[in-house]
Amino acid sequence: MSLSPTPSQTVGPFFSIGLCRRPGDELVPRDHPGATRLVGRLLDGAGEPIVDGVLEVWDATERRWGRCGTDAQGSFSFVVAKPAARPGEAPRLDVHVFARGLLRHQLTRVYFPDETEANAVDPVLAALPEAGRATLVAEAEDGALRFDVRLQGDRATVFFAH
Amino acid sequence: MPTTHLRDEPVVLGDDPSFGGEVQIDYPGYRSTRLRAPDRPLVTLPESFHALAGPVFGEDALDELDHDLTQGFGGEPLGERIVVTGRVLDTDGRPIRGALVEIWQANSAGRYHHQVDRHPAPLDPNFGGAGRCLTDDDGRYRFVTVKPGAYPWGNHENAWRPAHIHFSLFGRLFAERLVTQMYFPGDPLFAYDPIFHAVRDPKARELLVARFDLETTQPEWALGFQWDIVLGRGGGATPLEEG
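For every chain, the first residue of its written sequence is number 1, and the numbers climb from 1 along that sequence. Each chain takes a letter, starting from A, and each ligand takes a number, starting from 1, following the order in which they are written. Totals for whole chains, interfaces and linings use every residue, but because this is a predicted model, local features are given only for residues with pLDDT of at least 70 and side-chain atom pairs only at 80 or more, for both listing and counting.

## So, unusual backbone geometry
The phi torsion of most residues other than glycine is negative, and most of the peptide bonds are trans. Phi angles above zero are rare outside glycine, and D142 of chain A is one such case at about 50 degrees. Structurally, the position occupied by D142 of chain A is in the loop between β7 (139-141) and β8 (144-146). Counting other C-beta atoms within 10 Å of a residue's own tells you its class, since 20 or more makes it buried, 12 or fewer makes it exposed, and anything in between is partly exposed; those C-beta atoms are placed from the backbone. Taking the number of C-beta atoms within 10 Å as the measure of exposure, D142 of chain A has 7 and is therefore exposed. Despite not being glycine, N158 of chain B has its phi angle at roughly 60 degrees, a positive value. For N158 of chain B, a count of 9 C-beta atoms within 10 Å puts it in the exposed group. Labels follow the DSSP assignment, with helices taken as runs of H or I lasting at least four residues and strands as runs of E lasting at least two, numbered in each case from the N terminus.

This is the structure:
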């Protein structure tokens, strides 16, 4: 038996009443060893901030999950710790992006800027053209990690089929 | 309300079964897709990714009354009381137990309890419009709520959303994540709604519509609706073994 999956619909503009009732942006406590802030902005095709988006970050290695809605500047912020690398892969976090105007959520991932060697041989990163690769590696910024998500355009973040 | 103009293209396109279960993410009739739908080709991940386990939520994610949206505010909300229930299944028809189901909706007048919602319909002091639950061993979820109203949304001239409840689900696999909307049978607004019609295959669209069910309807108390949800996993991956 194979059932047809239920189709996706947009999260709409009012998701915060259902999805953001509790604070959920800390994958690890702030005092966790190696805890760092992962910050960024969600931007549309005109480079404007998306104020009604929500990101979910999944650390599949350590099984840690977090969720953060964007604010009036389109900004989000998580507390994360770098997971251990899986064999042959660079450490990473998986990210789902939801927003009004996105009829289905998008899938991307964050790699770590201090993992130059591992990033160079990660099979997913290595298969991307340089410009695309750069969109997936966070930038170190004032002790935090910056990861902006651009939905469209020449500098668009790489999204994965899912 | 701001006035919006009809655009050159139709708000709703014709059916196209070739889309199958996929929603058309750049559906032109839904204006907000224009600057937001990704416009670059998606990159394919290794097959193994689609078998990656997702987050698991336990009872600690819930409060006692989270499944009952008619409680917790000191009085009864106005509107048609309804029970919405169904099963969460994988594509093999197996129940997904312990799945976190989160819902949110407008009140019976079509107004969300959200500061950005400016629709001049009354807020209901006894209705917050959000709920959550975990599926049981049979994959079943169940909510008690009131039927949400239709509301205008400014996408085009005289645009109204059909009544709907937003659903968010986590399956066992990371790839089974789903956010969608449940609609009510026979809604006359279906024909005019670009979000609903962005699912181009009419058979797939039907999967978004709940079924009125007299068995679920509780005498002298609430109308019952059944809506099963099937979580796809993308990539044709082999599911995780039951653990």
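## Quick look at the interface of chain A and chain B
Contact between two residues is assigned when their C-beta atoms, built from the backbone, lie within 7 Å. Tallying the contact residues gives 49 residues for chain A and 57 residues for chain B. Listing elements by their share of the side of chain A that touches chain B, those giving two or more residues are α1 (16-19), β5 (92-99) and α3 (123-126) of chain A.

## Some points on the sheet that holds strand β6 (residues 106-111) of chain A
All names here are of chain A. On the basis of which strands lie adjacent, the open sheet formed by four strands has the order β3-β2-β5-β6 and antiparallel pairing. The strands lining the two open edges of the sheet, one partner per strand, are β3 (64-69) and β6. The sheet shows a mean angle of 25 degrees between the axes of neighbouring strands, taken without regard to direction. Strand pairing is assigned whenever DSSP identifies at least 2 bridges connecting the two strands. As paired strands, strand β2 (residues 53-59) and β3 are joined by six bridges and run antiparallel to one another. Counted as the bridge partner of V57 is G66 from β3. The convention used is that axes are lines fitted to C-alpha atoms, helices contributing only their stretch in contact, and that angles between N-to-C directions extend from 0 to 180 degrees.

## Considerations on the sheet that holds strand β2 (residues 100-105) of chain B
Residues and elements named next belong to chain B. Taking strand neighbours across the sheet as the criterion, the four strands line up as β3-β2-β7-β8 in an open arrangement whose pairing is antiparallel. The open sheet terminates on both sides in strands that have one partner only, identified here as β3 (130-134) and β8 (178-183). Across this sheet, the average inter-strand angle for adjacent strands is 20 degrees, counted without regard to direction. Pairing analysis gives five bridges linking β2 to strand β7 (residues 164-169), with the strands arranged antiparallel. Across the sheet, I103 pairs through a bridge with F167, a residue of β7.

## A closer look at the environment of S2 of chain A
Within the fold, S2 of chain A resides in the segment before α1. Once the C-alpha coordinates of S2 of chain A and F78 of chain A are considered, the two residues, 76 residues apart in sequence, prove to be 38 Å apart. Apart from the residues lying within four places of it in its own chain, the contact partners of S2 of chain A are T91 and D92 of chain B.

## Quick word on the nonpolar core
The nonpolar core is taken to be a set of buried Ala, Val, Leu, Ile, Met, Phe, Trp, Tyr and Cys residues joined by way of C-beta atoms within 7 Å. One finds V57, F78 and V110 of chain A together with V88, A99, V101 and L169 of chain B to be the most contacted residues of the largest nonpolar core, which totals 94 residues. Looking at which element gives the most residues to this core, the answer is β5 of chain A, with five residues. Once you skip the residues sitting within four places of it in the chain, L169 of chain B turns out to touch V88, A99, V101, L178, I229 and L231 of chain B.

## Some points on the environment of R36 of chain B
With respect to the helices and strands, the residue R36 of chain B is situated in the segment before β1 (81-90). For R36 of chain B, a count of 27 C-beta atoms within 10 Å corresponds to the buried category. Spatially, the C-alpha atom of R36 of chain B lies 8.4 Å from that of D26 of chain B, the residues being ten residues apart in sequence. Those residues in contact with R36 of chain B that sit more than four places away from it in its chain are D44, I50, A99, G101, L102 and L151 of chain A.

## As for the confidence of the model for chain B
Mean pLDDT over chain B works out to 92, with 93% of the residues at or above the 70 mark. Of the regions scoring below 50 in pLDDT, residues 236-243 of chain B engages in twelve contacts with residues more than four places distant in sequence or in other chains. pLDDT: the predictor's confidence for each residue, scored from 0 to 100.

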